[in-house]
Amino acid sequence: MSVSKKRRSFTPEFKEEAAKMVVESCCPVASVARELGVNEQSLRNWVNEYRKAHAGEEPPLTVPERARLRELEKEVRELRLEKDFLGKAAAVRHEHKEWGM
């Protein structure tokens, strides 16, 4: 016995609104897809199409987003310095071992 699923079709307006929900709310595709009752991959495709069509139209960062970006940039700088320091310390230690110190 074959069970055939009827393929649902969505209007371009629905697809755009669904994609906007993901882009503007920063909600995960999976949760928006579940909420709307649509296939996750379909919504992901709609979001990609929306982003291509609206490239360069994203709103500027909010004050909290800018503050978080600055925090993350500072953290990256500190981690790079720490990594460089540890790399140099390991090299010096390795040299001392070779000299029998």
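Structure: above.
The residue count restarts for each chain, going from 1 along the sequence in the order it is written. Per-residue local features are limited, in this predicted model, to residues with pLDDT of at least 70; the limit for side-chain atom pairs, both in listing and counting, is 80 or more; totals at the level of whole chains, interfaces and linings are taken over all residues. Hydrogens are left out, water is left out, and the side-chain values use all remaining heavy atoms of the structure.

## Quick word on the nonpolar core
What makes a nonpolar core is a set of buried Ala, Val, Leu, Ile, Met, Phe, Trp, Tyr and Cys residues whose side-chain atoms join them at distances within 4.5 Å. Using a 1.4 Å probe on the protein chains alone, a residue whose accessible area is under 20% of its type maximum counts as buried, one over 50% counts as exposed, and one in between counts as partly exposed. With 12 residues, the main nonpolar core is built from Ala18, Ala19, Val22, Val23, Val29, Val32, Ala33, Val38, Leu43, Trp46, Val47 and Tyr50. Counting residues per element, the ones that place at least two in this core are helix H1 (12-25), helix H2 (29-36) and helix H3 (40-53). In contact with Trp46, other than residues within four places in its own chain, are Phe10, Phe14, Lys15, Ala18, Ala19 and Val38. To qualify as a helix, a DSSP run of H or I must reach at least 4 residues; to qualify as a strand, a run of E must reach at least 2; elements of each kind are numbered from the N terminus. Residues count as neighbours in contact if any of their non-hydrogen atoms are within 4.5 Å of one another.

## Structural notes on H1
With 14 residues, H1 should cover 20 Å at 1.5 Å per step; its first-to-last C-alpha distance of 20 Å lies within 8% of that length. Taken together, the buried positions of H1 are Ala18, Ala19, Val22 and Val23. Buried residues of H1 fall within an arc of 130 degrees about the axis and therefore sit on the same side. Exposed and facing more than 90 degrees away from the buried side of H1 are Glu13 and Glu24. Among the structural elements, H2 and H3 are those in contact with the buried residues of H1. To estimate the expected span of a helix, subtract one from its residue number and multiply by 1.5 Å. Each C-beta atom gives one direction from the helix axis, and the arc is the one those directions make.

## Overview of the pattern of salt bridges
Throughout this description, the term salt bridge denotes a Lys or Arg side-chain nitrogen within 4 Å of a carboxyl oxygen of Asp or Glu. On inspection of all chains with the given rule, the structure shows four salt bridges. A salt bridge links Glu17 to Lys20; the shortest N-O distance between them is 3.9 Å. Of this pair, Glu17 and Lys20 both sit in helix H1, three residues apart, which is roughly one turn of that helix. Using a relative accessible area of 24% as the deciding quantity, one classes Lys20 as partly exposed. Residues Glu71 and Arg68 are paired through a salt bridge, measuring 3.2 Å at the closest nitrogen-oxygen approach. Here the residue Glu71 and the residue Arg68 both occupy positions in helix H4 (residues 63-98), the gap between them amounting to three residues, near one helical turn. You can call Glu71 partly exposed: its relative accessible area is 46%. The exposure class of Arg68 is partly exposed, given its relative accessible area of 44%.

Nothing here speaks to function; it is geometry throughout.
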